[in-house]
Amino acid sequence: DTVTVFTVFLLGRHLYGRPVGVLASALVAMAVIHIQLSHFYAVDTIMTTFAIISLFFMVKVARSGGLNNSLLAGIFLGFGLATKFSLLPLIFPFIVAHVIFAISASNIRLTLVFPGKEKLYKAISGLVLGGVLLLIVVFVTQPYAFLDWGHYLDDIRAQSDMVRRAVDLPYTRQYIDSTQY
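Rules used in this analysis
- Residues numbered from 1 in each chain as written.
- Predicted model: local features only at pLDDT ≥ 70, side-chain atom pairs only at ≥ 80, totals over all residues.
- Heavy atoms only, no water.
- Helix = DSSP H or I, 4+ residues; strand = E, 2+ residues; numbered from the N terminus.
- Buried < 20%, exposed > 50% of the residue type's maximum accessible area, 1.4 Å probe, protein only.
- Contact = heavy atoms within 4.5 Å.
- Areas by Shrake-Rupley, 256 points an atom, 1.4 Å probe, with all protein chains shown as cover.
- Lys, Arg positive; Asp, Glu negative; His and termini not counted.
- Charge placed at Lys NZ, Arg CZ, Asp CG, Glu CD.
- Salt bridge = Lys/Arg side-chain N within 4 Å of Asp/Glu carboxyl O.
- Core = buried A, V, L, I, M, F, W, Y, C linked by side-chain atoms within 4.5 Å.
- Axes fitted to C-alpha atoms, helices over the stretch in contact; angles between N-to-C directions.
- Parallel < 35°, antiparallel > 145°, perpendicular 65-115°, else oblique.
- Nonpolar A, V, L, I, M, F, W, Y, C, P; charged D, E, K, R; others polar.
- pLDDT = per-residue confidence, 0-100.
- 1 Å grid on protein atoms, 1.4 Å probe; cavity = no way out; pocket = protein on both sides within 12 Å on 5 of 7 lines; lining within 4 Å.
- Points joined across faces, edges and corners; volume = space filled by probe spheres on them.
- Polar contact = N/O pair within 3.5 Å; in protein donor to acceptor, adjacent residues only side chain to side chain.
- Phe/Tyr/Trp six-rings, centres within 6.5 Å; stacked < 30°, edge-to-face > 60°.
- Lys NZ or Arg CZ within 6 Å of the ring centre and 35° of its normal.

J.: Pulling in residues and values, what's your account of the overall build of the protein?
T.: Across its full length, the protein carries nine helices and zero strands. Taken from the N to the C terminus, the helices and strands of the protein come in the order α-α-α-α-α-α-α-α-α. With the principal axes as the frame, the protein shows a C-alpha extent of 60 × 45 × 25 Å. In the protein, buried positions account for 31% of the 181 residues. Considering only residue pairs separated by 6 or more positions, the protein has 55% of its internal contacts joining residues 24 or more positions apart. Accessible surface for the protein amounts to roughly 11,700 Å². Of this, 69% is attributable to carbon and sulfur atoms. Counting 13 positive and 9 negative side-chain charges, the protein places the averaged centre of each group 18 Å from the other.

Quick look at the structure:
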């Protein structure tokens, strides 16, 4: 979890400067839910670490491209997705980061231009290779998602039913009549 705090600092510093990075990391370090989940070594803290690291590299892709940034974003996104399926929507920013790189005129100001062949090729190759690496990482770290796809989807549906209270489970009764966020 300390890695998450440090990565939030790096992300804030990269986007807005050192003071914002320090403030953001301090807020994450003092967040009650973050502390509680870290204390109980919940899977959410591990997923959050991979999500923040992948977002850091996605920002770098959007600003300056780079195959290494695409590959690292794909790797960490793959680790996060293997940790918890709910990270799946983060694939959309992965795609958008490459699109932004392809259609931006410079890495200083985001001015839209028609992408040149070289920049478009770099964006597409980064997206494809990063996506392939993402799938490889998920396959290596979560092979049953591929080997027994039906059972994997049933498990996800069961978790979804639990969260939506479609089924009554004793350990979720504590949330009845509580404020929904």
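J.: Before we move on, can you summarise the pattern of salt bridges with the specific residues and values?
T.: Pairing is possible between side chains that carry opposite charge, provided their charged atoms lie close to one another. Tallied over the full model, the rule gives four salt bridges. The shortest N-O distance in the salt bridge between Asp-161 and Arg-164 comes to 2.6 Å. Accessibility expressed as a relative area gives 54% for Arg-164, which makes it exposed.

J.: Now, about the nonpolar core: what can you tell me, with residues and values included?
T.: Phe-57, Met-58, Leu-77, Leu-87 and Leu-90 are the most contacted members of the largest nonpolar core, which totals 23 residues. When contributions to this core are tallied by element, the ones reaching two or more residues are helix 1 (2–16), helix 4 (43–64), helix 5 (67–83), helix 6 (91–103) and helix 7 (117–141). The dominant element in this core, judged by the number of residues it contributes, is helix 4, at ten residues. Apart from the residues within four sequence positions on either side, Leu-87 is in contact with Met-47, Ala-51, Leu-77, Gly-80 and Leu-81.

J.: Describe the packing of helix 5 against helix 6, and please don't skip the residues or the numbers.
T.: Viewed as axis vectors pointing N to C, helix 5 and helix 6 meet at an angle of 175°, and their least axial separation amounts to 11 Å. With respect to each other, helix 5 and helix 6 are oriented roughly antiparallel. Contacts between helix 5 and helix 6 involve Ser-70, Ala-73, Gly-74, Leu-77 and Leu-81 from the first element and Ile-91, Phe-94 and His-98 from the second. Grouping the amino acids of the contact of helix 5 with helix 6 by side-chain chemistry returns five nonpolar, three polar and no charged.

J.: How would you sum up the confidence of the model for the protein? Please name residues and give values.
T.: Counting all residues, the mean pLDDT for the protein is 90, and 96% of those residues have values of 70 or more. Taking the mean pLDDT of every element in the protein, the minimum, 86, falls on helix 3 (residues 32–39) and the maximum, 97, on helix 5.

J.: Can you lay out the layout of surface pockets for me, pointing to particular residues and giving the numbers?
T.: In this structure, the largest pocket encloses a volume near 890 Å³. Residues of the lining of the largest pocket, tallied by class, amount to eight nonpolar, eight polar and three charged.

J.: Lay out the side chain of Thr-45 in plain terms, naming residues and giving numbers.
T.: Mapped onto the elements of the fold, Thr-45 is located in helix 4. There is a polar contact of 2.9 Å between the side chain of Thr-45 and the backbone oxygen of Ala-42.

J.: Can you tell me about the packing of aromatic side chains, naming the residues and giving the values?
T.: Under the counting rule described, the total for this entry stands at eight aromatic pairs. With a centroid separation of 6.1 Å and 80° between ring planes, the pair formed by Phe-85 and Tyr-152 is classed as edge-to-face. Placement of the pair is Phe-85 in the loop between helix 5 and helix 6 and Tyr-152 in helix 9 (residues 149–163), with a sequence separation of 67 residues. For Phe-85, a relative accessible area of 30% translates into the label partly exposed. You can call Tyr-152 buried: its relative accessible area is 16%. Judged by centre distance (5.3 Å) and plane angle (65°), the ring pair of Phe-139 and Phe-146 falls under edge-to-face. Taken together, the ring pairs in this structure connect Phe-50, Phe-56, Phe-57, Phe-76 and Phe-79 into an aromatic cluster. The cationic tip of Lys-119 hangs over the ring face of Phe-101; the distance from NZ or CZ to the ring centre is 4.9 Å.

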